[in-house]
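# Fold and geometry: a report
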Amino acid sequence: MTRLLAFFFILTVPFFFSQKKDTAVLISEVKIDAYKKPAPFMASTKSVTVISESLLDLNPPERLMEAVNQIAGARMEERSPTSYRISIRGSTLRSPFGVRNIKVYLDDFILSDASGNTYFNVISPKLINRMEVYKGPESGDYGAVTGGTVLLQTRRSDHLSAGVAIGSYRTFDQHFDIARQEGKHFFELFQNYYQTDSYREQSAVKRQQIYLKDHFKYAPRASLNAIVLLSDLDYETPGGLTLNQMESDRKQARPSAGGIPGAKEQHAGIRNKMILAGISHETAINSYFSHFLLVQGSYVDFKNPFITNFENRFERNFALRTHFNFEKSWDQISLAWRLGFEGGHQNILVKNYNNNKGIQGNPQNFDQLKNNSGFYFLSQKLNFNEKLFTDISISLNSNSYEWERMYPVSEEVRIKFKKQWLPNIGVTYLLGKGFSVRGKIGKGNSAPTGEEIRSSNQEFNADLVPEYGWNKEVGIRKQFGSAVFIEGSYFDFRMKDAIVRRQNESGQEYFANQGNIAQKGVEILFESKSFNLKNNILSSFKFRFSGNFYDFKFKNYKQLDNDFSENEVTGVPKTSISSLFNVVFFKKLSIDYSHYYTSKIPLNDANSVWSASSLVGNIRLGFPIQIDRTQLNVHLQIQNLYNTDYVAGFDINAFGNRFYNPAAKRNFMLGTNFEF
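This is a predicted model, so every value here is computed, not measured. (Residues numbered from 1 in each chain as written. Predicted model: local features only at pLDDT ≥ 70, side-chain atom pairs only at ≥ 80, totals over all residues. Heavy atoms only, no water.)

Here the idea is simple: oppositely charged side chains can pair when their charged atoms come close. The final tally for this structure, using the stated rule, is 44 salt bridges. The partner of glutamate 452 in a salt bridge is arginine 100, and the shortest N-O contact between them spans 3.7 Å. Of this pair, glutamate 452 sits in helix H5 (residues 450-453) while arginine 100 sits in the loop between strand S5 (83-88) and strand S6 (102-106), placing them 352 residues apart in sequence. Exposure remark for arginine 100: the relative accessible area of 1% places this residue in the buried category. Where arginine 313 meets glutamate 315, a salt bridge forms, and the shortest distance between an N and an O atom there is 2.8 Å. Judged by its relative accessible area of 7%, arginine 313 is buried. (Salt bridge = Lys/Arg side-chain N within 4 Å of Asp/Glu carboxyl O. Helix = DSSP H or I, 4+ residues; strand = E, 2+ residues; numbered from the N terminus. Buried < 20%, exposed > 50% of the residue type's maximum accessible area, 1.4 Å probe, protein only.)

Structure (structure tokens):
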């Protein structure tokens, strides 16, 4: 730990001796969108972080992990290539696959399904121009989640680019992106193709995507937005290893054991074809009132050859969101109200067969699963004298399931969870220019997703209930001149009926409510502007440092004869620290030098097995070349610069101690991007 702190100190030394600065924008100077509730970052009552385009440039073509992991309180994990989880304050406790317990929006539209599951990996990182990450329960405008909310934004100004990249493990990426204003229409067309053989056996990936949107401002105070997203994702899953297996051969896929075949033999993988289409309408009724309406639908064709079965899943999703808005300002007071509803319906047909080495065999179980969820919400923003900012909201949330087993027997079950009132109150006070303090209290509630109610053990779990809890937090934001920004926050979240993951001897998962969890933590951010050194050799530099320090413990947690009370929460590191140092040489060559430190992690609820801590470094070099009106941006990325043996995503509570999914050793990506 001493060496780690010394290393970060060395990186920060040049910052304190800088004198000049340019006009680069600090996060404290941006405005958050907050789903059509814009606010200056310094005045926001929310625990929010913005991931800008410059941070997104840290990502390799296949994932958003490097950018997300620069955020205090957020952690993105990769169990195998394209198998991602996002943790906001420890929320991957129940996410062996996909993103759960976090609400995800894409521009106006809802990427999460009605049950709360999100296929985050269908989105190409190149499509995203900016992200807003909201930590902890938001209730009100975003409904019932306990983890957080993520807003993904595509381009909003003219842009034309195309790019290609090649890298280690036969990686190839190509994309095309055009965004343009044409009369009353602003449209964007994005296309991406990506493939790689990846580091481990049985982990090849192929992804194709097309995204089209049109913003039609047909009247001075009215507009229509439409999107179509087509994604075809095919990737292999190598499976988790034991520690001995990983130390023997990090590249191997899960081998056969005890009569159960291995991942390679069974051609384990995911094939996910998805189409999402929607339209939204926004209009100002008069000077004070406006209305918003969104309607969308999606279809998912999901195939999962697994070790023990071959699953076909066909999902039909429908969602609606609407709200009326009122805004008025006086001399020293501004007021905004929002009254609305968001709801979704999901209909899933699941068919499980024997897996005969990647080919469907005899049928096992056929099930129909229907989910209805929704929430009514009322929110108010009341600001006084541009010093005191308040945001008060409440939502009434409902969720229900219908399950029908059609084969081999006939069986029906209906569950309707108790409706939940979820309040949320936030207050920010500006003590001076660039100096604010805030406080927040809110309740979160997260029902089981469809994949938890009917998990891979193919049983319907009627005993699962939503997890819920109250979150309290305080924070401070301080900007020093226009050069440095510091943010710190402390939260205390008490979760009840927490949903945790289990695995049986075949590797099939199931879920259970297990007692209470106390989640306490401190999160910090320290960043500088880009300082112009007015030197022909070392032209400019900037620095970013973030970290979170957690104390997450189980409370009143008993499993059979075992008492896990006061154990550390599974899968959550106590300490995560990230740093980013950017320097520009010769006014051209840009170098991003980043580090990610993660402390040891408990891998099972008993805390009998822990991971090792890890420090991973990456570097990205970029060089622009101007050719007439075209800028050619050449970049070289080196991931895992120090060739560290580490795991980017663990299988927590894995049967047989198969916790480990080894990450790639040092690897390279060389690419070029044309901007016209």
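Having seen the model, we can carry on.
Let us now look at empty space enclosed by the protein. If you walk through the whole model with that rule in mind, you get 10 cavities of 30 Å³ or more. The space that makes up the second largest cavity amounts to roughly 550 Å³. Around the second largest cavity sit 46 residues that line it, and Asp113, Ala114, Ser115, Gly116 and Ser373 are the ones nearest its centre. Where the lining of the second largest cavity is concerned, the elements lending two or more residues are S6, strand S15 (269-284), strand S16 (289-305), strand S17 (310-329), strand S18 (333-356), strand S19 (359-384), strand S20 (388-407) and strand S23 (435-446). (1 Å grid on protein atoms, 1.4 Å probe; cavity = no way out; pocket = protein on both sides within 12 Å on 5 of 7 lines; lining within 4 Å. Points joined across faces, edges and corners; volume = space filled by probe spheres on them.)

Whenever strands of a sheet pair, they do so through backbone hydrogen bonds, lying parallel or antiparallel. In spatial order, the strands read S3-S8-S9-S6-S7; together these five strands make up an open sheet with mixed pairing. Edge positions in the open sheet fall to strand S3 (48-51) and strand S7 (109-110), since each of these has one partner strand only. Bridge analysis of S6 against S7 gives two bridges, and the strand direction is antiparallel. For tyrosine 105, the partnering residue across the bridge sits in S7 and is isoleucine 110. (Pairing = 2+ DSSP bridges.)

Moving on: the pairing of strand S11 (residues 171-182). Where strand S10 (residues 159-167) meets S11, nine bridges bridge the pair, whose relative direction is antiparallel. Across the sheet, the residue bridging to glycine 167 is threonine 171, located in S11. The turn joining S10 and S11, which pair antiparallel and follow one another in sequence, is formed by three residues; a positive phi near 60 degrees is taken by tyrosine 169. Examined bridge by bridge, S11 and strand S12 (residues 185-196) share 11 bridges and lie antiparallel to one another. Counted as the bridge partner of glutamate 182 is histidine 185 from S12.

What follows concerns the pairing of S20. Inspection of the sheet shows S19 paired to S20 by 19 bridges, in the antiparallel sense. Among the inter-strand pairings, asparagine 372 is bridged to a residue of S20, identified as serine 400. Linking S19 to S20, which pair antiparallel, is a turn of three residues; within it asparagine 385 sits at a positive phi near 55 degrees. Judged from the 10 bridges that link them, S20 and strand S22 (residues 420-432) form a sheet pairing that is antiparallel. By the bridge assignment, isoleucine 392 is partnered in S22 with isoleucine 425. Where S20 and strand S21 (residues 411-416) come together, six bridges link them in antiparallel fashion. Residue tryptophan 403 lies in a different strand from S21, and its bridge partner there is valine 413.

Cis rather than trans, the peptide bond between tyrosine 407 and proline 408 has omega equal to 5 degrees. When you line up the elements, proline 408 lands in the loop between S20 and S21. A positive phi angle, close to 50 degrees, is found at lysine 534, a residue other than glycine. By secondary structure assignment, the location of lysine 534 is in the loop between strand S29 (531-532) and strand S30 (538-555).

Attention now goes to the side chain of serine 168. Tracing the backbone through its elements, the reader meets serine 168 in the loop between S10 and S11. Here phenylalanine 668 takes part through its backbone nitrogen, which lies 2.9 Å from a polar atom of the side chain of serine 168. Beyond its immediate chain neighbours, meaning those up to four positions away, serine 168 contacts Thr196, Asn667 and Phe668. (Polar contact = N/O pair within 3.5 Å; in protein donor to acceptor, adjacent residues only side chain to side chain. Contact = heavy atoms within 4.5 Å.)

The subject of this paragraph is the nonpolar core. Membership of the largest hydrophobic core comes to 69 residues, with the highest contact counts inside it found for Ile51, Phe120, Met131 and Leu152. When near neighbours in sequence (up to four residues on either side) are disregarded, phenylalanine 120 contacts Leu64, Met76, Ile86, Val99, Val104, Met131 and Leu152. (Core = buried A, V, L, I, M, F, W, Y, C linked by side-chain atoms within 4.5 Å.)

Right, let's get into the side chain of threonine 146. Inspection of the secondary structure puts threonine 146 in the loop between strand S8 (130-135) and strand S9 (148-153). What makes threonine 146 buried here is its relative accessible area of 4%. A distance of 2.7 Å separates the side chain of threonine 146 from the side chain of asparagine 101, its partner in a polar contact. Non-local contacts of threonine 146, meaning those with residues more than four positions away in its chain, are made with Asn101, Gly136, Pro137, Gly444, Asn445, Ser446, Glu467, Tyr468, Phe493 and Met495.

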